[in-house]
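Listed below, chain by chain, are the residues.
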Amino acid sequence: MLDEEKRPSDERKTSSTSEAGTTSDEEKRLVRKLDRRILPITCLLYLFAYLDRTNLGNARLQGLAKENLGGDPTGILFDWVNSAFFFSYIICQVPATILSKLFPPSYWIASAAVGWGICSTLMATTFNFGSLMAARVWLGVFEAGFGPAIPLYFSFFYTRTEMGLRMAYWFGFAAVAGAFGGLIAFGVQHVEYGPSLAGVGGEWDWKVLFLIEGIPALLLGVLAFFALPDRPESTRYLNTREREIEMERMNRGTSADIGAVIKKEHIMIALLDWRIYTGGMIYFGVNCALASISAFLPTIIETFGYTNALAQLLTVPPYAVAAIVLCMTSYTSDRIQDRGLAVTGSCAVGAIGYLILLTVPNNVHARYFAVFCITSGTYTAIGLIIAWFAHNLGSETKKATGMPMFMAIGQCGSILGSHIYPSTDGPRYIRGFAVSCGLEAFATICSLVLWISYTYDNAKRDRRYGRPDPDANVDTSELADKAPMFRYMA
């Protein structure tokens with residue numbers, strides 16, 4: 001499906017064979033084989049995971065609030081239902097990702113998918129505020145075992161020069177889910193299932209929406225159980241020669257706690273790493289914007305003067321453009337081996353989008369353009385920062401601890417984003433736009449600080465220990481990313 005991106009260091013080599021005897025053609029064939037199996041399954045899983053966590057925004061316009069929340073004139077009950085997912089998602093991320101190292105990835109990912117698919121499907125049977133809250137909480141529990149585990153899973157198979165684009169494809173399906181969700185909601189709204197509601201469609205259209213978007217996740221979970229490759233050293237998907245090549249690839253740059261083991265000292269190193277908390281602050285800012293857009297974009301576009309059905313349809317182009325921008329930026333980031341400046345620029349674009357919504361209240365075209373800025377900037381920043389940390393933490397245990405740590409901090413922004421757009425603030429939603437704008441601007445500053453820190457640390461190690469061979473085996477088993485010959489991606 002995808003050719004391996006050519007490493008900058010490879011351009012200076014005249015030989016097509018590595019020290020381990022791996023030819024470039026063999027490696028390219030292996031990467032394509034991995035892509036053909038790993039990317040379609042994980043990307044489709046994330047598509048439906050994201051549909052299942054964000055379909056409340058579409059269901060709100062299809063009678064959910066009227067039937068289950070007593071009309072919810074203030075929007076407060078809807079805010080709590082939306083944010084209930086994030087409470088359990090935040091609490092379970094770190095322990096779930098650490099525990100995932102002890103199980104075959106196919107079993108772990110498949111179990112999570114079946115679990116959240118069941119929860120999402122059962123949302124069609126909810127009948128009041130309490131039942132909706134229960135379904136959303138359990139949805140968060142199961143998705144916590146999936147989202148943070150995927151970057152760790154990808155790091156088992158892909159090198160630092162391949163991770164950015166693969167993570168972009170994977171996270172890009174969140175944007176695809178936004179576009180796809182709008183199309184599904186537009187179609188479902190014309191089913192008119194149940195008694196007719198003026199301007200809404202059928203009173204129970206939202207039940208059909210939950211069924212359509214929940215059942216495929218359950219089926220994909222069953223497929224993942226049989227089809228996803230396990231760790232390179234044990235998977236039956238690779239033959240003996242391919243396994244040798246993959247293990248040599250995984251030892252480029254680092255060699256640490258590989259296999260079903262957990263190094264307790266690396267958990268403590270992660271807990272004390274200020275960069276993880278800084279990454280969490282970046283993730284907090286962009287996730288506040290992401291949760292806001294995911295849940296409230298149809299409602300926001302409706303305030304531009306469009307009907308409910310057209311508002312659903314107009315959510316599609318911003319998400320489609322966001323997916324394209326994310327992939328293009330990640331590809332460029334992989335080629336130049338720089339993530340920090342790309343994250344900084346993406347956060348700045350998102351902040352500019354919210355600033356336009358704040359300062360241009362009457363120009364519908366400018367405000368719709370601002371939505372494109374917000375989706376493109378926010379989705380790109382999130383996809384890149386996940387790939388950024390996937391390499392920069394050094395060892396598997398530190399990745400399994402540090403990545404869900406900064407994600408958990410960031411998901412607190414999702415809770416905030418679920419509560420800053422009450423119906424009483426419409427149609428301007430000044431509070432929500434101002435908070436999101438400020439947090440995206442703060443994320444811009446934090447990402448620039450992190451980029452400067454990584455660049456400075458690399459330069460200091462180069463002066464003290466010399467420049468390492470990019471393909472050399474660096475022992476990070478004791479010090480993780482603090483090993484003298486380890487280099488960060490800035």
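The rules behind each value
The written sequence of each chain sets the order in which its residues are numbered from 1. Note on the predicted model: pLDDT of at least 70 is required for a residue's local features to be given, and 80 or more for side-chain atom pairs to be given and counted; whole-chain, interface and lining totals, by contrast, use all residues. The side-chain figures draw on all heavy atoms in the structure; neither hydrogens nor water molecules are used. Each Phe, Tyr or Trp ring (for Trp, its six-membered ring) is paired with any other whose centre lies within 6.5 Å, and the angle between the two planes then decides the class: stacked below 30 degrees, edge-to-face above 60, tilted in between. A helix here means a DSSP run of H or I that spans at least four residues, while a strand means a run of E at least two residues long, and both kinds are numbered starting from the N terminus. Here, a charge over a ring is recorded when the distance from Lys NZ or Arg CZ to the ring centre is within 6 Å and its angle to the ring normal is within 35 degrees. A helix's residues, less one, multiplied by 1.5 Å, set its expected span. The bend reported for a residue corresponds to the angle between axes fitted to the seven residues ending at that residue and the seven starting there. Put simply, a patch holds well-exposed residues, over 30% relative accessible area, that have no salt bridge, with like charges counted together within 9 Å and Val, Leu, Ile, Met, Phe, Trp or Tyr side chains within 5 Å. In this description, accessible areas are obtained by the Shrake-Rupley approach with a 1.4 Å probe, and a residue is regarded as covered only by the protein chains that are shown. The term salt bridge refers to a side-chain nitrogen of Lys or Arg lying within 4 Å of a carboxyl oxygen of Asp or Glu. Residues counted as positive are Lys and Arg, residues counted as negative are Asp and Glu, and His and the chain ends are not counted. Think of each charge as sitting on NZ of Lys, CZ of Arg, CG of Asp or CD of Glu. Pairs of N or O atoms within 3.5 Å make up the polar contacts considered here, provided that, within protein, one atom can donate a hydrogen while the other can accept it, and that residues adjacent in sequence are counted only when both atoms are side-chain atoms. Note on definitions: a residue-residue contact is assigned when non-hydrogen atoms from the two residues lie within 4.5 Å. Each residue is assigned to one of three classes by its accessible area relative to the maximum for its type, calculated with a 1.4 Å probe on protein chains only: buried under 20%, partly exposed between the two thresholds, exposed over 50%.

Chemist: I'm lost on the packing of aromatic side chains in this one. Help?
Modeler: What characterises a pair of aromatic rings is the spacing of the ring centres plus the angle enclosed by the ring planes. With the rule as written, the count across this model stands at 31 aromatic pairs. Ring centres of Trp138 and Phe142 lie 6.3 Å apart, and the angle between their planes is 35°; this geometry places the pair in the tilted category. Linking Trp138 with Phe142, this pair stays in helix α6 (residues 129-144), spanning four residues, or about one helical turn. Taken together through their ring pairs, the aromatic side chains of Tyr46, Tyr50, Trp116, Phe146, Trp170, Phe171, Tyr319 and Tyr379 make up a single cluster. If you follow Lys33 out to its NZ or CZ, it ends over the ring of Tyr237, 5.0 Å from the centre. For the cation-ring pair, Arg53 lies above Tyr89, with the distance from its terminal atom to the ring centre recorded as 5.0 Å.

Chemist: Any chance you could explain helix α1 (residues 24-54) here in plain terms?
Modeler: Helical geometry: 3.6 residues make up each α-helical turn, so side chains three or four residues apart lie on a common side. Under the 1.5 Å per step criterion, the end-to-end length of α1 is 42 Å for 31 residues, consistent within 8% with the ideal 45 Å. Of all the bends in α1, the greatest measures close to 30° and is centred on Asp35.

Chemist: Mind showing me how you'd approach a positive patch on the surface here?
Modeler: Taken together, the side chains of Lys460, Arg463, Arg464 and Lys482 make up a positively charged region of the molecular surface. For Arg463, the location among the structural elements is in helix α18 (residues 430-465).

Chemist: Could you clarify how one ought to interpret the side chain of Asp72 in this entry?
Modeler: When you line up the elements, Asp72 lands in the loop between α3 (64-68) and α4 (76-100). Here the side chain of Asp72 touches Leu77 through a polar contact of 3.3 Å, landing on its backbone nitrogen. With residues up to four places along the chain from it excluded, the contact list for Asp72 reads Ala65, Leu77 and Phe78.

Chemist: Honestly, the pattern of salt bridges in this entry has me stumped. Any pointers?
Modeler: Should the charged atoms of two oppositely charged side chains come close, the side chains can pair. Overall, the coordinates contain 20 salt bridges when judged by the stated rule. Where Glu233 meets Arg231, a salt bridge forms, and the shortest distance between an N and an O atom there is 2.8 Å. Looking at Glu233, the relative accessible area reads 33%, which means it is partly exposed. Of the charged contacts, one joins Asp457 and Arg275 as a salt bridge, the two residues approaching to 2.9 Å between their closest N and O atoms. Of this pair, Asp457 sits in helix α18 while Arg275 sits in helix α12 (residues 274-302); the two residues are 182 residues apart in sequence, bridging distant segments of the chain. Since its relative accessible area comes to 4%, Arg275 is described here as buried. Residues participating in the shared-partner salt-bridge network are Glu27, Glu162, Glu246 and Arg249.

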